[in-house]
Amino acid sequence: MRIAVLGGDGFCGWPTSLHLSNLGHEVHIVDNLSRRWIDTELGVQSLTPMDSIQERCRIWKQVSGNEIRFHLLDLAKEYQRLRLWLDEYRPDAIIHFAEQRAAPYSMKSDRHKVYTVDNNVSATHNLLTALVETGIDAHLVHLGTMGVYGYSTIGAPIPEGYLDVSVETDSGAKGMEILYPTRPGSVYHMTKSLDQILFQFYAQNDALRITDLHQGIVWGTHTDQTKRHEQLINRFDYDGDYGTVLNRFLIQAAIDYPLTVHGTGGQTRAFIHIQDTVRCIELALGDAPEKGERVKIFNQMTETHRVRDLAEMVARMTGAEIAFLPNPRKEAAENELIVKNDHFIDLGLNPIKLESGLLEEVVHVAKKYAHRVDRKHVPCVSAWTKDIAKRVVHDP
Ligand code: NAD
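Residues numbered from 1 in each chain as written. Predicted model: local features only at pLDDT ≥ 70, side-chain atom pairs only at ≥ 80, totals over all residues. Heavy atoms only, no water.

A. Inspection of helix α9 (residues 274–285) at higher detail. Over its twelve residues, α9 runs 17 Å from end to end, which matches the ideal 16 Å to within 8%, given 1.5 Å per residue. Most of α9 sits inside the fold, with ten of its twelve residues counted as buried. By the burial criterion, the buried members of α9 are Ile274, Gln275, Asp276, Thr277, Val278, Cys280, Ile281, Leu283, Ala284 and Leu285. (Helix = DSSP H or I, 4+ residues; strand = E, 2+ residues; numbered from the N terminus. Expected span 1.5 Å × (residues − 1). Buried < 20%, exposed > 50% of the residue type's maximum accessible area, 1.4 Å probe, protein only.)

B. Highlighting the pairing of strand β6 (residues 162–169). The pairing of β6 with strand β7 (residues 172–179) spans eight bridges and is antiparallel. Paired with Glu168 across the two strands is Ala173, which belongs to β7. Hairpin geometry of β6 and β7 is characterised by an intervening segment of two residues between the two adjacent antiparallel strands. (Pairing = 2+ DSSP bridges.)

C. The arrangement of the sheet that holds strand β8 (residues 209–215) in detail. Read from one edge of the open sheet, seven strands run β3-β2-β1-β4-β5-β8-β12, paired in parallel fashion. In this open sheet, the two strands that pair with only one neighbour each are β3 (68–72) and β12 (296–300). Neighbour to neighbour, the strand axes of the sheet diverge by 20° on average, direction disregarded. Two elements, β8 and β12, share five bridges in a ladder whose sense is parallel. By the bridge assignment for β12, Leu213 is matched with Phe298. (Axes fitted to C-alpha atoms, helices over the stretch in contact; angles between N-to-C directions.)

D. Molecular detail of unusual backbone geometry. With a phi angle near 40°, Arg90 is a residue other than glycine that sits in the positive phi range. Turning to its location among the elements, Arg90 is positioned in the loop between α4 (79–89) and β4 (93–96).

E. Focus on the nonpolar core. Counting 34 residues, the largest nonpolar core has Ile95, Leu213 and Phe344 as its most contacted members. Looking at this core, the elements with two or more residues in it are β1 (2–6), α1 (13–22), β2 (26–31), α3 (53–64), β3, β4, β5 (139–145) and α9. Considering each element in turn, this core owes the most residues, six residues, to α9. With residues near it in sequence (within four places) discarded, Leu213 still touches Val141, His142, Leu143, Gly144, Thr145, Ile281, Ala284, Phe298, Gln300 and Phe344. Membership of the second largest hydrophobic core comes to 33 residues, among which are Leu47, Leu246, Ala311 and Ala320. (Core = buried A, V, L, I, M, F, W, Y, C linked by side-chain atoms within 4.5 Å. Contact = heavy atoms within 4.5 Å.)

F. Examining the site of the ligand more closely. Near the ligand lie 29 residues; those nearest to it are Cys12, Asp31, Arg101, Tyr188 and Lys192. At a separation of 2.7 Å, an oxygen atom of the ligand approaches a polar backbone atom of Cys12. A distance of 2.6 Å separates an oxygen atom of the ligand from a polar atom in the side chain of Asp31. In isolation the ligand exposes 820 Å². Once the protein is present, 98% of that is buried. At the level of secondary structure, the elements contributing two or more residues to the shell around the ligand comprise α2 (34–42), β5, α7 (187–206) and β9 (217–219). A total of three residues in the shell around the ligand trace back to one element, the largest contributor, which is β5. (Near = heavy atom within 4 Å. Polar contact = N/O pair within 3.5 Å; in protein donor to acceptor, adjacent residues only side chain to side chain. Areas by Shrake-Rupley, 256 points an atom, 1.4 Å probe, with all protein chains shown as cover.)

G. Region of interest: the sheet that holds β9. Spatial ordering of the open sheet is given by β9-β11-β13, a layout of three strands whose pairing is mixed. Strand pairing shows two members of the sheet lacking a second neighbour, β9 and β13 (303–306), which therefore form its edges. Taken over all neighbouring pairs, the strand axes of this sheet differ in orientation by 45° on average, direction set aside. Here β9 runs beside strand β11 (residues 268–273); their pairing, made up of three bridges, is parallel. Residue Ile217 lies in a different strand from β11, and its bridge partner there is Phe271. Along the sheet, α9 makes contact with β9 and β11, crossing β11 at roughly 75°.

H. Structural view of the pattern of salt bridges. Inspection of the entire model under this criterion finds 26 salt bridges. In this structure, the salt-bridge partner of Arg56 is Asp9, at a minimum N-O distance of 2.9 Å. Of this pair, Arg56 sits in helix α3 while Asp9 sits in the loop between β1 and α1; the two residues are 47 residues apart in sequence, bridging distant segments of the chain. Since its relative accessible area comes to 0%, Arg56 is described here as buried. On the basis of relative accessible area, Asp9 is assigned to the buried category, the value being 4%. Note that Glu334 and Arg306 form a salt bridge whose closest N and O atoms lie 3.5 Å from each other. Residue Glu334 is located in the loop between β14 (322–325) and α11 (342–346), and its partner Arg306 is located in strand β13; the two are separated by 28 residues in the primary sequence. Assessed through its relative accessible area of 19%, Arg306 is described here as buried. (Salt bridge = Lys/Arg side-chain N within 4 Å of Asp/Glu carboxyl O.)

I. The arrangement of the state of the cysteines in detail. Scanning all chains against the criterion turns up zero disulfides. The closest cysteine sulfur to the non-disulfide-bonded Cys12 is located on Cys280, 11 Å from its own sulfur. Note on Cys12: relative accessible area 13%, which makes it buried. The cysteine Cys57 is free of any disulfide, with Cys12 supplying the nearest cysteine sulfur at 17 Å. On the basis of relative accessible area, Cys57 is assigned to the buried category, the value being 8%. (Disulfide = S-S within 2.5 Å.)

The structure is reproduced here in structure tokens:
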């Protein structure tokens, strides 16, 4: 297949591009490199040394013989170029990763809120309307997040996208199927909730074929392909805005920094290893919806953990200490999270579990590159409200 990977220079997009190229697909990366600019804005860098996207593609060609082409394009701001690009390349499938994806970054200031909404909602909508306009019947696979459910977790299993409800009417109870209600806990998660409505509309109105993957927090760095050459290494964000919780714990342990747990650490989150992410995308591509079918929604996660249990697991493996700090987020102190992930398991996913994969990450990645860490960027200080900002701790 000819596959466009939008956001293919990012943490999930790069290993996905390699994985699909390795399977023999013709891969085109489309990215505006905004994530690299945000590193510059924040004064941080990936823990792992990243080459330019052009250099990464050159090394991949050398290692595999396969070509990945890079196209510099802003999905949110360059609608006409996007439409022309689609018309010229006419992909069979499109994987859409190209959004601002950090909840703390989206809550940093009013400017960051505006940027996140403009970027994410426009990127998704521009893509959808350009597909309609060009008449391209590509299967669109979007990376959504389990985080859209935020406060709507009540301890009952979260289904894969849809909920059957029964509503009392004058003529008795009527059943209907609705999107499982979202209750986002950040501006970033709010944009992902809006994406769902855009997808529902374009699948119903224009028969676009769409799969929305509600992904858990991705951990790990390497996949089989990124390991093939030092210069193919994936990015690894450790800073307080972009570093996802487990990757932050790993780097904290590697540099003798206390593992920073917010509040009681009673928040339960869903997780998936990056190797399973790329495999899930391959599986989703092979299970495309028919024209006119509703949006397919899969929960792309493999296990759930409480944050304090994760910290204890990393502390046990490494001897690190744990520091409990005030929570910069506005969220429930404790929550249950039970998630159905039958679709991917039925399609043959055999997940990498935390207990078995974690040590390799600590030794081979976190410790190896610990000298590149700037300690002052490790704490999470982006607060959800102005009141909470007064309680945020900058140094544990
Ligand atoms: P990332 O920030 O590393 O990558 C996103 C890429 O998209 C970057 O290379 C960026 O430059 C590009 N991009 C952003 N806006 C763009 C635009 N307007 N035009 C063109 N390119 C643009 O993020 P990631 O961790 O790889 O996440 C990818 C997707 O997966 C995101 O949509 C995110 O919401 C979703 N997701 C990620 C995680 C996770 O733990 N990393 C968890 C759940 C869902």
